[in-house]
Amino acid sequence: MLSGRTLGQGRSKSLGKFSDDYLRNVAVCELDPEDMKALGISPGQNVKVTTKTGSVVVRAAVASQASQRGIVFMPYGLWVNAVIPAETYGTGMPSMKGIEAEIAPAPDEKLLDLEAMVERLTRRG
Amino acid sequence: MIALAKKVISNVTCTFCGSTCDDLQVTVEDEKVLAVRSGCSSSLSKYLNYNAERFLTPLVRKNGQLTETSYEDAVRRSAEILANARYPLLYGWSSTSNEASRAGIELAEWVGGVIDNTTTVCHGPTLLGVHDIGEVSGSLGEIEHRADLVIYWGSNPVHSHPHHIMRYTALSTGRFRPSRKDRKMIVIDVRKTDTAKLADQFIQITPNGDYELMCALRMAVRGDELEQDAISGVPAEVIEELAELMISCQFGVIFFGLGLTMTEGRHRNVDVALSLVRDLNARTKFLIMPMRGHFNVAGANEVSAWVTGYPYAVDLSQGYPRYNPGDTTAIDVLVRGDCDAALVVASDPVSNFPVEASRRLARIPVITIDPHPSATTPIAEVVFPTTIVGIETGGCIHRMDGVAIMTKPLVPPPPGIHSDVEILRDILTHVKKSKMGQWT
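A count of helices and strands for chain A gives five helices and six strands. Listed N to C, the secondary structure of chain A is β-α-α-β-α-β-β-β-α-β-α in terms of helices and strands. Its C-alpha radius of gyration of 14 Å places chain A within 12% of the 14 Å reference for a compact globule of 125 residues. If you line up chain A on its principal axes, its C-alpha atoms span 35 × 35 × 30 Å. For chain A, the share of sequence-separated contacts (at least 6 apart) that also reach a separation of at least 24 residues comes to 72%.

Pasting the structure below:
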């Protein structure tokens, strides 16, 4: 899994991070169409992204820029952060690209908006 | 009410990304931005929506809820939190002015905290590489007018710095390189991005394979034979051709992005990139430059370096500056659970930090100074609304190549809203009084 900037993320954050536009542009995982077919995922469907750090539910989309089997992309933001490991290996910088991740269809799981994601963060325990 | 005259302000410096393009034409009417010309889509969105979802009064947490309060009360509460903290983190600084950074460092010194900027989660490893090797750099102006070979490595400026290629590299009209055919543009990345589609050549590498490929390229530049058929997914003959192209150009440049700093190897990837360019300068003229993200992240580094001696992650808890990335960097300080309060200025760490670091932030008192609600403001104890640098407030900023630019206010801020500098100085005044009281 790679994470990075996108035009949609840059543009929509100026519209407000609580806006629908931001949610649509950032709570997303872009996949190769062949991978989507193999996993039984259709565009717009919810998927669960799981790494050794945790999991998050986002919307699936066909890769908008580069399509390559085995590579998924998520824009920078609260959703991808939920699955980014905090280990910095003595450099201060966590690994935000090149992370092993599993993607699974999650049609029955809810995609949380920014407010709910922050609420989840503050939950104790 | 009488409408105020419409005016067009030319050569406005954009305060979105590190390119800080200074060619915007902004139309202002009734003290509001009405239209923007020459900007990219990110710039237009910022300048036309700067009043969307805006804080207009300070907020403090009372009985678990963020509640409106006076500016003076917010200042007093903030000073109390910071003055009583054992090891506060002062974080952000890349989307504000150098003047604000300067005030922030003074505050950090008084409260004995650690001050870090967003470099820590973007080009921190680049600075570590520069400490090791040094950097052959120049200005974007030199590149615009002279570069005949432009390489983007692990960077996708079409999305992150939308006008970079048009203003400074392949699509710019340089004095000595007037047209696209005068330059060759190469993109090296793990996927064929929209930037790669504009390139003369795209070289695809395997994820986390930058270090090995760069080492191979150094060997090829030195004339050593590559013993493997392919390195990081790139055939040896492609590497040798690229080395030849780099040696034979008149003026080359590598722009590198977070594809080098956020992957395995981190500062070692940057070490070898800087070394490659150093080697190339024995044969031709070659520069290297990180693609800095926020409009003043370079300024945050500059100010921190000239005030404390170090560009980011500066620990002032012992009464003198201490710098040890991996130890004094924001993520590490948070994940270890060391800091007991945080001041966040012009940044949204919850949107940018791994969840484990954000969980710690959510458990300590946080003060935010931000014009807009963010993922960090809902967890804050105190929220200051503030003015927007480059739109409502002026100040000095540094472009990605280190060139200092003075920004000017275009419109007045909403009534009663203070700038980052004013807020920080007011908190500092209270902190000084409180600390003097503790010491006497």
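Still more to cover.
Turning our attention to the interface of chain B and chain A. Listed per partner, the contact involves 55 residues of chain B and 40 residues of chain A. Those elements giving two or more residues to the side of chain B that touches chain A turn out to be α1 (41-48), α4 (124-133), α6 (157-160), α10 (258-261), α13 (330-335), α14 (349-352) and α15 (355-361) of chain B. Looking at the side of chain B that touches chain A, the element that brings in the most residues is α15(B), giving five residues. A class-by-class count of the residues in the side of chain B that touches chain A yields 23 nonpolar, 22 polar and ten charged.

Residue and element names in this part refer to chain B. Spatially, β1-β2-β3 is the arrangement adopted by the three strands of the open sheet, whose pairing is antiparallel. Each having just a single partner strand, β1 (7-12) and β3 (32-37) make up the two edges of the open sheet. On average, each strand axis in the sheet is tilted by 25 degrees relative to the strand beside it, whichever way the strands run. Note: strand β2 (residues 24-29) against β3, five bridges, orientation antiparallel. Bridge pairing links Thr 27 to Ala 35 in β3. Most of the contacts of α1 go to β3, to which it runs at about 165 degrees, and overall it touches β2 and β3.

Turning to the pairing of strand β2 (residues 28-31) of chain A, a few remarks are in order. Moving residue by residue along a regular strand, the side chains alternate between the two faces of the sheet. Residues and elements named next belong to chain A. Burial of the side chains of β2 extends over both faces: Val 28 and Glu 30 are buried on one face and Cys 29 and Leu 31 on the other. Direction of pairing for β2 relative to strand β4 (residues 55-62): parallel, over a ladder of four bridges. Its bridge partner being in β4, Glu 30 is matched across the sheet by Ala 61.

Let's shift gears to the nonpolar core. If you look at the biggest cluster of nonpolar residues, it comprises 154 residues, and the most contacted ones within it are Trp79(A), Leu217(B), Val253(B) and Ala273(B). Looking at which domains feed residues into this core, each of domain 2 (59-121 + 295-439) and domain 3 (124-290) of chain B gives three or more. In this structure Trp79(A) touches Val26(A), Ala27(A), Val56(A), Val58(A), Met74(A) and Met117(A), once residues within four positions along its chain are discounted. Counting 15 residues, the second largest nonpolar core, distinct from the first, contains Cys17(B), Cys21(B), Val33(B) and Val389(B).

Once that is clear, we can look at the environment of Ile364(B). Residues and elements named next belong to chain B. Within the secondary structure, Ile 364 is located in the loop between α15 and β18 (366-369). Along the chain, Ile 364 and Gly 337 lie 27 residues apart, while their C-alpha atoms are 9.7 Å from each other. Sequence-distant contacts of Ile 364, that is, excluding residues within four places in its chain, are made with Cys 339, Asp 340, Ala 341 and Ala 342.

What follows is about the pairing of β2(B). Pairing of β1(B) with β2(B) involves four bridges; the strand directions are antiparallel. Bridge pairing in β2(B) places Ile9(B) opposite Val26(B).

As a further point, take the domain arrangement of chain B. All names here are of chain B. Domain assignment breaks chain B into domain 1 (7-48), domain 2 (59-121 + 295-439) and domain 3 (124-290). Domain 1 and domain 2 are separated by 26 Å when their C-alpha centres are compared. Taken together, the 16 residues of domain 1 in the interface contact 14 residues of domain 2. Elements with a contribution of two residues or more to the side of domain 1 that touches domain 2: β1, β2 and β3.

Looking now at the sheet that holds strand β15 (residues 314-315) of chain B. Residue and element names in this part refer to chain B. Across the sheet, nine strands lie side by side as β5-β4-β19-β18-β17-β6-β7-β15-β16; this open sheet has mixed pairing. For this open sheet the edge positions go to β5 (65-68) and β16 (322-323), each flanked by a neighbour on one side alone. The pairing of strand β4 (residues 59-62) with strand β19 (residues 382-384) spans two bridges and is classified as antiparallel. Looking at β19, one finds that Leu 59 is bridged to Val 383. Lying on the sheet, helix α2 (residues 71-84) is in contact with β4, β17 (342-345), β18 and β19; it crosses β19 at an angle near 130 degrees. Along the sheet face, helix α12 (residues 297-308) touches β7 (114-117) and β15 and points at about 150 degrees away from the line of β7.

A few words on the packing of helix α3 (residues 98-111) of chain B against α12(B). All names here are of chain B. One can describe the packing of α3 onto α12 by two numbers: an axis separation of 9 Å at closest approach and a directional angle of 40 degrees. In terms of orientation, α3 and α12 fall into the oblique class. You can see that α3 and α12 cross each other, and the crossing is right-handed. Contacts between α3 and α12 involve Asn 98, Ser 101, Arg 102 and Ile 105 on the former and, on the latter, Gly 299, Ala 300, Val 303, Ser 304, Val 307 and Thr 308. Here the contact of α3 with α12 is composed, by residue class, of four nonpolar, five polar and one charged.

Now for helix α9 (residues 236-248) of chain B. Residue and element names in this part refer to chain B. Between its first and last C-alpha atoms α9 spans 18 Å; for 13 residues at 1.5 Å apiece the expected length is 18 Å, and the two agree. Taken residue by residue, α9 has Ile 239, Leu 242, Ala 243 and Met 246 as its buried positions. Seen end-on, α9 carries its buried residues on one side only, within an arc spanning 100 degrees. Away from its buried face, by an angle of more than 90 degrees, α9 presents the exposed residues Glu 237, Glu 244 and Ser 248.

Basis of the calculations
Residues numbered from 1 in each chain as written. Chains lettered and ligands numbered in written order. Predicted model: local features only at pLDDT ≥ 70, side-chain atom pairs only at ≥ 80, totals over all residues. Helix = DSSP H or I, 4+ residues; strand = E, 2+ residues; numbered from the N terminus. Rg over C-alpha atoms; globule rule 2.2 N^0.38 Å. Contact = placed C-beta atoms within 7 Å. Nonpolar A, V, L, I, M, F, W, Y, C, P; charged D, E, K, R; others polar. Pairing = 2+ DSSP bridges. Axes fitted to C-alpha atoms, helices over the stretch in contact; angles between N-to-C directions. Buried ≥ 20, exposed ≤ 12 C-beta atoms within 10 Å, placed from the backbone. Core = buried A, V, L, I, M, F, W, Y, C linked by C-beta atoms within 7 Å. Domains from an automatic or database assignment. Parallel < 35°, antiparallel > 145°, perpendicular 65-115°, else oblique. Left-handed = near helix turned anticlockwise from the far one by under 90°. Expected span 1.5 Å × (residues − 1). Arc of directions from axis to C-beta.

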